[in-house]
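Residues per chain are reported as follows:
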Amino acid sequence: MTTLEEIQLTISSELADLNHCISGALKSDNALMQTIIDGYLKSHGKQIRPIMVILTAKLFGTVTPEVISAAAAVEMLHNASLIHDDVIDETKLRRGRPTINSIWDNHIAVLIGDFFVSNSLSQAILTGDIRIVKSVANLGTLLSVGEMDQIYNARQHQLNEEAYFHIINHKTASLFVACVEMGGYAANAPEKAIAHMRKYAELLGLCFQIKDDIFDYYADTRIGKPTGNDLREGKVTLPLLYALSRTELPDHDDMTALVATEELSTEQIDTLIEFAKRNGGIDYAYSTMASLSAKAMDALKDLAAEYDVDPQAYRALTDIMSFIITRNK
């Protein structure tokens, strides 16, 4: 199986341009702000989202400076959302490194996040394509609404798959859809071709979030992350939703009542996690990803059947889906 690192190597020069663009865009005359940003940028993360922008553009044409600006825009907006999320969730570590809010304070972290947002929009404007600017603006709206939907559902104890998929479509899949839209626009791809890519990206984004949710059912010893963080925040994800949907289980009513508890203890969280595992929740999540992945591959195949696409970029996009499902972090 192709690894993410191997995919990154195929576009190494483009990623170098991306990171140069981001660091240049985030230059500040304020010494404190620059110190914080320089420290933050030392860890690039996977950069899957800008990779999606670049590969989509490469699929239909060449990677121009406008493509790099579009990729930088989406990566900076994504990082802004992470910085703000760390403040909201009082997160101390991300990617194994201390978060900005844990090193400095929430006030500074929010300002840094805002700085990323502003520069994201500036990079979108540099593309000279109002469609890309609109994609970035719409994305900011969807991410905010998705977070509010999640808070509302947690407080109202909305325990159904429809509500779950609505949230992860807004919170996660929308970001991947924006990536392929922006890459397609920057490469002047036909609208029908971009529509195929939107479908692929939406399904990939759903798989990405489901896999992230599965991680919460297992302790991450590399960064000391405990299980059940989602449940601590009132978020009920797909594995537990499936187990709770099995009304024939003898402990169904007890578990349904337990998950509605306002503040779950560590012991109660462990009980719910084991209930989900024991009753097929993890297997169901994996089977759901397999089904979504197959549909995503169909969307790519339909695209390749109608348009002349770059074979290396096409292969990389199929490999990314495989990586999303099999990754271990």
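Visitor: Requested: an account of unusual backbone geometry, with residues and values cited.
Guide: Even without being a glycine, Gln47 presents a positive backbone phi close to 55°. Tracing the backbone shows Gln47 in the loop between helix 3 (31-41) and helix 4 (48-60). For Gln47, a relative accessible area of 9% gives the class buried. A positive phi angle, near 55°, is found at Asn188, a position not held by glycine. Within the element layout of this structure, Asn188 appears in the loop between helix 9 (161-186) and helix 10 (191-215). Judged by relative accessible area, Asn188 falls into the exposed class, the value being 63%.

Visitor: Tell me about the packing of helix 4 against helix 5 (residues 65-89), and please be specific about residues and values.
Guide: Running from amino to carboxyl end, helix 4 crosses helix 5 at an angle of 160°, the nearest separation of the two axes being 8 Å. The angle between helix 4 and helix 5 falls in the class roughly antiparallel. As for how helix 4 packs across helix 5, the hand of that crossing is right-handed. Residues Arg49, Pro50, Val53, Ile54 and Ala57 of helix 4 pack against Val67, Ile68, Ala70, Ala71, Val74, Glu75 and His78 of helix 5.

Visitor: How would you summarise the pattern of salt bridges if you had to cite specific residues and measurements?
Guide: Per the counting criterion, the structure on display carries 10 salt bridges. Among the salt bridges present, the one from Arg131 reaches Asp129, with a minimum N-O distance of 2.8 Å. On the basis of relative accessible area, Asp129 is assigned to the buried category, the value being 14%.

Visitor: Let's hear about the layout of surface pockets: which residues, and what values?
Guide: Estimates place the volume of the second largest pocket at around 240 Å³. Lining the second largest pocket are 14 residues, and of these Gly39, Tyr40, Arg97, Pro98 and Ile100 lie nearest its centre. Put simply, the parts of the chain that give the lining of the second largest pocket at least two residues each are helix 3, strand 2 (97-98) and helix 6 (100-103). Grouping the amino acids of the lining of the second largest pocket by side-chain chemistry returns six nonpolar, four polar and four charged.

Visitor: Describe the packing of helix 3 against helix 7 (residues 106-126), with residues and values.
Guide: Where helix 3 contacts helix 7, the two axes come as close as 11 Å, and the packing angle between them is 75°. Accordingly, the angle class assigned to the pair helix 3 and helix 7 is roughly perpendicular. Taken together, the residues of helix 7 that come into contact with helix 3 (itself represented by Leu32, Met33, Ile36, Ile37 and Tyr40) are Ile108, Ile112, Phe115 and Phe116. Classifying every residue of the contact of helix 3 with helix 7 gives nine nonpolar, no polar and no charged.

Thresholds applied
- Each chain has its residues counted from 1, running along the sequence as written.
- Restriction of local features to residues with pLDDT of at least 70 applies here, the model being predicted, together with a cutoff of 80 or more for giving and counting side-chain atom pairs; totals for whole chains, interfaces and linings are based on all residues.
- The basis for the side-chain values is all heavy atoms of the structure; hydrogens and waters are excluded.
- In DSSP terms, a helix is any run of H or I states spanning at least four residues, a strand is any run of E spanning at least two, and both are numbered starting from the N terminus.
- Relative accessible area decides the class of each residue, using a 1.4 Å probe on protein chains only: under 20% of the type maximum gives buried, over 50% gives exposed, and in between gives partly exposed.
- Lines are fitted to the C-alpha atoms to define the axes, a helix being fitted only along its stretch in contact, and any angle between axes, read from their N-to-C directions, falls within 0 to 180 degrees.
- Here the angle decides the label: under 35 degrees means roughly parallel, over 145 means roughly antiparallel, 65 to 115 means roughly perpendicular, and every other value means oblique.
- In this scheme the crossing of two helices becomes right-handed for a clockwise turn of the near helix relative to the far one and left-handed for an anticlockwise turn of less than a right angle.
- A contact between two residues is defined here by any heavy atoms of the two lying within 4.5 Å.
- A side-chain nitrogen of Lys or Arg and a carboxyl oxygen of Asp or Glu constitute a salt bridge if their distance falls within 4 Å.
- Think of a 1 Å grid over just the protein atoms. A cavity is a set of points where a 1.4 Å probe fits yet cannot get out, a pocket is an open set with protein on both sides within 12 Å along at least five of seven lines, and lining residues have an atom within 4 Å of a point.
- Grid points are joined across faces, edges and corners, and a volume is the space filled by probe spheres set on the points.
- For this scheme, ten residues count as nonpolar: Ala, Val, Leu, Ile, Met, Phe, Trp, Tyr, Cys and Pro. Four count as charged, namely Asp, Glu, Lys and Arg, and the remainder, Gly too, count as polar.

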